[in-house]
Every structure is written in structure tokens, then in C-alpha cells.
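Descriptive structure summary
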Amino acid sequence: VILNRAFFTLKGAYINVFAYILALILFLNGMFFENTLLIYLGSIILFLSLLYFDICYLLSFLNLKISSFSQLCLFVSAIMFLIGICLGMLLVLIMFGWLDVDFITILRFHLYFVFGFIFFTVIGASSVLLPMFSLAHNVNFGLFYASFTLYISGFFLIWFLLDGALKVILSAAVLAILQWILILKNRVRRAYDYWNLNLIFSFFMLGFSIFAYSFLNLNLAVFTLFFGFLYPFIVAHIYKIMPFLIWYHYISKFVGKLKIPKDR
């Protein structure tokens, strides 16, 4: 929908999903039971699985002239994900003594790029899907542009001013929230349904996650970010997108060729 083209390839996608699940099980069990062999095996398979996905993701931009903010965000997210997973594998090599590099510094950049992948995917997708599903017109994306710029600038601050980088990144998240609120405020479709109720809840929990990080507890902030914000945000859009995708892939090819079945 956003790139106006199909994903580069779906070959190997099912195998890759099972490889990813297996790797995640091995890696998490290795971390939980402090088993270095499981951590090592899990991390390698996990890295290869994610690398395959991201290469296909990047190849989807092949010969594409980026002409919109949403496309730019997804392209940046793909690059950030590639850097993030490479740094994650680097962390494993440092952990096992294969490399002598500062672990904490690499961890900071790993988190920056992985959260950057999530951040730019979300704002890129939302810049298209929110106006589309809420029927919002003439939306000014000024806050999105400022949010984009702030998150990128946070990279340079990580080197010498970590607290400043965190504040800049949180400010980027706040601006994204304000932009989402403005889009929904200007919507034509005023009725509340499963989609916008989930979005309202997810935006509220994102604000709470920022508050929890600033004044309460980091673990609570991370948990709220993933399960309070990302989970309902994704579920809400699946509610809107899945019926269309099912119709497009399985029913649209029969339009004009078969009669509509009558109710019995």
C-alpha cells in the first residue's frame, strides 16, 4: 500500500518464520538458564533469519523513486534494522570474547537502531494509514517532519551526551503522538469502532510509557511500550487491513466473472 508495489519475494518466508521462532526459543532459554551454547546458536540463527527478512525488505525499494514521507520512513527503517541486527550480533561476539570492544557503547547503538526501525516503521505507516482509515483530509505533517529530524539527531548525541540523546528521542516520540492526535482530531469518520478505540488506548499507553521511563521504572516503560502501545496499534490495523487483503487475494479475481451468491 505504501510503496505501491509487492514485497520483493515471499520465497522462504514460511521457513524463515520457523527459523525465527526456533532461534528465539533457543536464545531466550539460553539467557534464562545461562546456557552459553543455546545463546550462541540462537543468536546466529536469529541473526540469519532477520538478515534474510531485511535484505528482502531493502530489495523491495529496488528501482523505486522515493517520493513521499512514508516511503522515506520505511526506507530509513530498513537501513536502521540492518544496522541494528548487525550490532546485535556484534554484542554476542563481544559477550563470547571474540571481539574486544566496549559492550555498553555497542548496546546503546543497538537499542537506538532497533527502536529506530520500530519508530520509523510506525510513523511511516501511520502517515498513510491514519488519514486513510479516519478519512482525515489536508493533514499537515509538520510534527512528523520534526519528529523524524529529532530522532536522527539523537544518533550524534549518543556519542557524548546520553541523557541529551534520550530526551531528544523522547521528544521525537511526543511529537509523533501529537501528530497522531491532530490527524484523529481532523477526521471525517467520527464513529468509534474497534480500530480507533485501540488507537486511542495505544497512544495513551505510549504517553504512559514515556512518563514511566521519566519518573517510575525502566522495565515498566519497556513493557508498556511493547504491550500497551505496539500491540493494540498493530491489532487495530490488522482489523482494518486483513479484510481488504483477503478480498484482494482471494475474491477480487472473480469480480465480473462470477455472480454474487444469494442469501438462502
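Keep in mind it's a predicted model, so treat the numbers as computed, not measured.

1. Structural notes on the overall build of the protein chain
- A count of helices and strands for the protein chain gives eight helices and zero strands.
- Taken from the N to the C terminus, the helices and strands of the protein chain come in the order α-α-α-α-α-α-α-α.
- Seen through its principal axes, the protein chain has C-alpha atoms that stretch 65 × 40 × 40 Å.
- In the protein chain, which comprises 264 residues, the share counted as buried stands at 38%.
- Looking at the protein chain alone, contacts between residues at least 24 apart form 73% of all its contacts between residues at least 6 apart.
- Accessible surface for the protein chain amounts to roughly 16,200 Å². Of this, 73% is attributable to carbon and sulfur atoms.
- Computing the positive centroid from 15 side-chain charges and the negative centroid from 7, the protein chain places the two 25 Å apart.

2. Let's talk about the nonpolar core
- Ranked by size, the top nonpolar core spans 60 residues in total, and within it Phe120, Ile123, Trp180 and Phe229 carry the most contacts.
- Among the elements of the structure, helix 2 (36-59), helix 3 (69-95), helix 4 (103-134), helix 5 (142-158), helix 6 (162-185), helix 7 (194-215) and helix 8 (218-251) are those that each provide at least two residues to this core.
- Beyond its immediate chain neighbours, meaning those up to four positions away, Trp180 contacts Val122, Ile123, Ser126, Leu130, Phe144, Phe203, Leu206 and Phe229.

3. With respect to the packing of aromatic side chains
- Taken as a whole, this structure holds 28 aromatic pairs when the rule is applied.
- Plain terms: the ring middles of Phe119 and Phe120 are 5.3 Å apart, the flat faces sit at 80° to each other, and that makes the pair edge-to-face.
- Their ring planes at 35° and their centres at 6.4 Å tell us that Phe208 and Phe211 sit as a pair that is tilted. Remark: Phe211 and Phe208 occur in helix 7; sequence separation between them is three residues, near one turn of the helix.
- On the basis of relative accessibility, which here comes to 41%, the residue Phe211 falls in the partly exposed class.

4. Observations regarding the packing of helix 2 against helix 3
- Axis separation between helix 2 and helix 3 bottoms out at 10 Å; the angle between their running directions is 165°. One way to sum up the angle between helix 2 and helix 3 is to call them roughly antiparallel. The handedness of the crossing between helix 2 and helix 3 comes out as left-handed. Packed against helix 2, whose contacting residues are Ile39, Tyr40, Ser43, Ile44, Phe47, Leu50, Leu51, Phe53, Asp54, Tyr57 and Leu58, the element helix 3 presents Leu74, Phe75, Ser77, Ala78, Ile79, Phe81, Leu82, Ile85, Cys86, Met89, Val92 and Met95 at the interface.

5. A look at unusual backbone geometry
- Despite not being glycine, Glu34 has its phi angle at roughly 55°, a positive value.
- With respect to the helices and strands, Glu34 occurs in the loop between helix 1 (13-33) and helix 2.
- The phi dihedral of Asn63 is positive, around 60°, even though this residue is not glycine.
- Counting through the fold element by element, Asn63 comes out in the loop between helix 2 and helix 3.

6. Things to note about the side chain of Asn16
- Tracing the backbone through its elements, the reader meets Asn16 in helix 1.
- Look past the residues within four positions of Asn16 in its chain and what remains in contact with it is Ser49, Tyr52 and Phe53.

Scoring rules and cut-offs
- Residues numbered from 1 in each chain as written.
- Predicted model: local features only at pLDDT ≥ 70, side-chain atom pairs only at ≥ 80, totals over all residues.
- Heavy atoms only, no water.
- Helix = DSSP H or I, 4+ residues; strand = E, 2+ residues; numbered from the N terminus.
- Buried < 20%, exposed > 50% of the residue type's maximum accessible area, 1.4 Å probe, protein only.
- Contact = heavy atoms within 4.5 Å.
- Areas by Shrake-Rupley, 256 points an atom, 1.4 Å probe, with all protein chains shown as cover.
- Lys, Arg positive; Asp, Glu negative; His and termini not counted.
- Charge placed at Lys NZ, Arg CZ, Asp CG, Glu CD.
- Core = buried A, V, L, I, M, F, W, Y, C linked by side-chain atoms within 4.5 Å.
- Phe/Tyr/Trp six-rings, centres within 6.5 Å; stacked < 30°, edge-to-face > 60°.
- Axes fitted to C-alpha atoms, helices over the stretch in contact; angles between N-to-C directions.
- Parallel < 35°, antiparallel > 145°, perpendicular 65-115°, else oblique.
- Left-handed = near helix turned anticlockwise from the far one by under 90°.

So yeah, pure geometry; function would need other evidence.
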